[in-house]
Amino acid sequence: MNEPVWFHIYSTQENSKIFCDQSQNTRGMEKLVSSWFSHKIVPENYVFPGDKRPGEHLVAACKAIPTIDLNDVDKNDVIHQIMNACRDYGFFQVINHGLEGKLMDEAVEVFKEFFSLPTEDKSNLLTEDKEHSCRLYTSSYNYGTEEVHYWRDALRHSCALEECIQSWPVKPNRYKEVVGALSTEVRKLGSRILEMICQGLGLEKGFFFKDGLSEDMFLTVNHYPPCPDPSLTLGLAKHCDPNLITILMQGDVPGLQVFKDGEWISVQPLKHGFVINVGYLLHIVSNGKLRSAEHRAVTNKSTARTSAGFFILASKESMVEPAKALVDADNPPLYRQFRYHEFFKIYSSHTTGDTDAALEPFRIKVEKRKNNIKAPATAAGFLGYSFGSLKSVQVLVMKESRSSHENASILDSLGFILRKFLFSILAVGPIPNHIAFIMDGNRRYSKKHNLVANSGHRAGLTALMSMLKYCYELGVTYVTPYAFSIDNFKRSPEEVESLMELMQEKIEGLIKEESIVNRYGVRVHFAGDLALLRESVRLAAERAMIATAGNSKGVLPICVAYTSTNEIVHGVQQACEEKGDELRTHKPNGCSNGCLNGQTPKRDEDQAKKHLIGIVDIEKHLYMGIAPDPDILIRTSGESRLSNFLLWQSAHCILCSPSVLWPEIGLRHFVWAIINFQRHYSYLEKIKKQM
């Protein structure tokens, strides 16, 4: 959004014909756009090449940039919205954030007053000192080397109050008081947002506040004077920010534009709202899960625009790398470990606006293999070859692509192509019709990675989404996860409540048009004693079943408030009630109620057998009566117990017990389960025919 820099390269050499040869500070002040912007033409060294100009076409306001109410009582929903915004846009706006509108208004007025001060009242802030904690400059920190200048002036200083407030502007007189108060409140807001992102990623509490990852905060106040021809120049060129997050106070004049889906879209200012922007550092720490979006600032003819960006970033010596909890065999690290000052030095050297190239030296690379490798002729050999080379192919694609945003899309496409090829080989053999999962190990995963308990369950849901995708791509019709046992109600009230909230959040997500069930045409069914659930969760489950009732390509039975013994008792009870109703309605002539305990006359024996309870009568009343028996039951953590899950239905299915915890399950475990099923398929079919 702007540069949260602790150093700015400032040149005192003359670069514009409109500047006069005076003293150093005077020359510097005359370089400020605000000192000469009333010229009727745009100076040549402010005119951008045709392909980089904003042009004369209006950019429509983007109503799709998410706006998030931080005062929403449903905190899990707020986190869900933030994570979606960070993944899809890299930008969002927040309202009801806790800062007083009066304080924000006062700060805007103070910033405007500063840039309208006479030259002598602010010339002392012009300095070439790279380490100075408060600096006034123009264009960018590469002014002396850039070919084209930006139409902006900027004031930049640290927000470390105790160490740096004395270096802040003396005028306006209330600057330190107002901006100091605003900085304190923005710091609190930033910590609050980072903690929600931390929770959304499944990281341990306080992750971003350790090891200096969010130690520093800088303020850059940008001032964009009116421009005689806004189509020729830019306030700031296309770039991404190098920090964790940026918190921008836009003011009341539009000018921020975000690059989304191949076009520039305008972010309209919200009264007393803040714009939140994902920076490169957060993109790296999230191992590419969160997006750092390109954006720019444009000018206008009539009105000056003043904005204030607060940049939360790592200390110079902080070690930066993808969070270990987000890295595993299926999600290898995209970036190597480095010190933040190493990255920023490279970032600040790019003067063309191609700041994304700053990521290149830190991407993990693997050299191409020199010899051509022929695919094995056999299916088994092909499978081994695919798994052995998948990681190398992924990293190779990262090397060939310059854009981190393109990487994610390319890797997704590559993964789909490889799976399609792999699954076409598996499809030569029998494909299971029904796979069930016991998702064991979420809490142990949290302990293993020192995460809060709920984070393991969130990571587990991510793993479930991957398994659902693999199943539907392979052509499995029924997929049944054991989501919540009745025995789970015995856990602590806090954990149960947390699980209920998480369950409701994910159930409501299933209704959305872009959800995995709608993408693959899958109908959702909840199996279990739903009356035991919290009412809001039960209602959400009912809405999801209604919303997906028209989907016909697959079925997703989700076992919640479920145990197999409860299911069997329920099935028997319902069958007894049904048979009782039949007896009362169709009672044979001359037969007493003892007709079911051996007292039936011989001539009525055939009629009586019709009212005996059989297996079919029980099965049609089971919670899982909507699905055939499973062909494969996968339980993670190396356990072979069924834990009261599908006891009635699993007599003739393959039990697979990979040793990994559920959040760690991956494609290779899924494929080996399919291969194991195919190896035993003939025997299982023979047994079923004998039943």
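The coordinates are above.
Bear in mind that the values here come from a model prediction, so they are computed numbers and not experimental data.

Some details on the nonpolar core
So, step 1. Core analysis: the largest hydrophobic core is formed by 88 residues, its most contacted members being Ile-197, Phe-208 and Phe-274.
So, step 2. No other element matches helix α5 (residues 175–201), which puts 12 residues into this core.
So, step 3. Grouped together as the second largest cluster of nonpolar side chains are 54 residues, Phe-437, Ile-516, Val-537 and Ile-558 included.

Considering the side chain of Ser-214
So, step 1. Mapped onto the elements, Ser-214 comes out in the loop between α5 and β5 (216–224).
So, step 2. Side-chain polar atoms of Ser-214 contact the backbone oxygen of Phe-208, separated by 2.7 Å.
So, step 3. Sequence-distant contacts of Ser-214, that is, excluding residues within four places in its chain, are made with Arg-187, Leu-194, Phe-208, Phe-209, Leu-244, Ile-312, Leu-313 and Ala-314.

Things to note about unusual backbone geometry
So, step 1. Of note, the amide linkage connecting Lys-171 to Pro-172 takes the cis form, showing an omega dihedral of -5°.
So, step 2. Along the chain, the position of Pro-172 falls in the loop between α4 (161–164) and α5.
So, step 3. We note that Asn-96 has phi near 50°; this positive angle belongs to a residue other than glycine.
So, step 4. Checked against the element boundaries, Asn-96 lands in the loop between β2 (91–95) and α3 (101–115).
So, step 5. Classification of Asn-96 by relative accessible area gives partly exposed; the value is 45%.
So, step 6. In this structure, Asp-261 takes a positive phi of about 55° despite not being glycine.
So, step 7. Within the secondary structure, Asp-261 sits in the loop between β8 (256–260) and β9 (263–266).
So, step 8. Under the relative-accessibility criterion, Asp-261 is labelled exposed at 66%.

Examining the pairing of strand β12 (residues 305–313)
So, step 1. Counting buried residues along β12, nine of its nine residues qualify, which places the element largely inside the surrounding structure.
So, step 2. Along β12, one buried face is formed by Arg-305, Ser-307, Gly-309, Phe-311 and Leu-313 and the opposite face, lined by Thr-306, Ala-308, Phe-310 and Ile-312, is buried too.
So, step 3. With nine bridges joining them, β5 and β12 adopt antiparallel strand pairing. Across the sheet, Val-221 pairs through a bridge with Ala-308, a residue of β12.
So, step 4. Examined bridge by bridge, strand β7 (residues 245–249) and β12 share five bridges and lie antiparallel to one another. Across the sheet, residue Ile-247 finds its bridge partner in β12, namely Phe-310.

Here's the deal with the packing of aromatic side chains
So, step 1. A full pass over the atoms with the stated rule returns 28 aromatic pairs.
So, step 2. Residues Phe-338 and Phe-343 carry aromatic rings whose centres are separated by 5.9 Å and whose planes lie at 40° to one another, so their mutual orientation is tilted.
So, step 3. Seen from their ring centres, Phe-343 and Tyr-347 are 6.1 Å apart, and the 40° between their planes marks the pair as tilted. Note that Phe-343 and Tyr-347 are positioned in helix α7 (residues 340–348) at a spacing of four residues, about one turn of the helix. Both residues of the pair, Phe-343 and Tyr-347, count as buried.
So, step 4. Put simply, the rings of Tyr-280, Phe-338, Tyr-340, Phe-343, Phe-344, Tyr-347 and Phe-362 pair up and form one aromatic cluster.
So, step 5. Sitting above the plane of the Phe-114 ring, Lys-122 keeps its charged end 6.0 Å from the centroid.
So, step 6. The residue whose ring lies beneath Arg-296 is Trp-264, and the NZ or CZ to ring-centre distance is 4.2 Å.

Structural notes on the sheet that holds strand β4 (residues 153–158)
So, step 1. Ordered by their spatial adjacency, eight strands build an open sheet running β1-β2-β10-β7-β12-β5-β4-β3, and the pairing between neighbours is mixed. If you trace the sheet from one side to the other, it starts and ends with β1 (67–69) and β3 (134–138), each paired once. Each strand of the sheet is rotated relative to its neighbour by a mean of 25°, with strand direction disregarded.
So, step 2. Alignment of β1 against β2, held across three bridges, turns out to be parallel.

Brief notes about the environment of Tyr-335
So, step 1. Structurally, Tyr-335 can be placed in the loop between β13 (319–320) and β14 (338–339).
So, step 2. In this structure, the C-alpha to C-alpha distance between Tyr-335 and Pro-322, residues 13 residues apart in sequence, is 6.7 Å.
So, step 3. Separated by 2.9 Å, the side chains of Tyr-335 and His-283 make a polar contact.

So, the pairing of β8
So, step 1. With four of its five residues buried, β8 lies for the most part within the structure.
So, step 2. Pairing analysis gives three bridges linking β8 to strand β11 (residues 295–297), with the strands arranged antiparallel. For Leu-256, the partnering residue across the bridge sits in β11 and is Ala-297.
So, step 3. As paired strands, β8 and β9 are joined by four bridges and run antiparallel to one another. In the strand pairing of β9, Val-258 is matched with Ile-265.
So, step 4. Linkage of β8 to β9, two consecutive antiparallel strands, is achieved through a turn of two residues, within which Asp-261 is found at a positive phi near 55°.

Conventions adopted
- Residues numbered from 1 in each chain as written.
- Predicted model: local features only at pLDDT ≥ 70, side-chain atom pairs only at ≥ 80, totals over all residues.
- Heavy atoms only, no water.
- Core = buried A, V, L, I, M, F, W, Y, C linked by side-chain atoms within 4.5 Å.
- Buried < 20%, exposed > 50% of the residue type's maximum accessible area, 1.4 Å probe, protein only.
- Helix = DSSP H or I, 4+ residues; strand = E, 2+ residues; numbered from the N terminus.
- Polar contact = N/O pair within 3.5 Å; in protein donor to acceptor, adjacent residues only side chain to side chain.
- Contact = heavy atoms within 4.5 Å.
- Pairing = 2+ DSSP bridges.
- Phe/Tyr/Trp six-rings, centres within 6.5 Å; stacked < 30°, edge-to-face > 60°.
- Lys NZ or Arg CZ within 6 Å of the ring centre and 35° of its normal.
- Axes fitted to C-alpha atoms, helices over the stretch in contact; angles between N-to-C directions.

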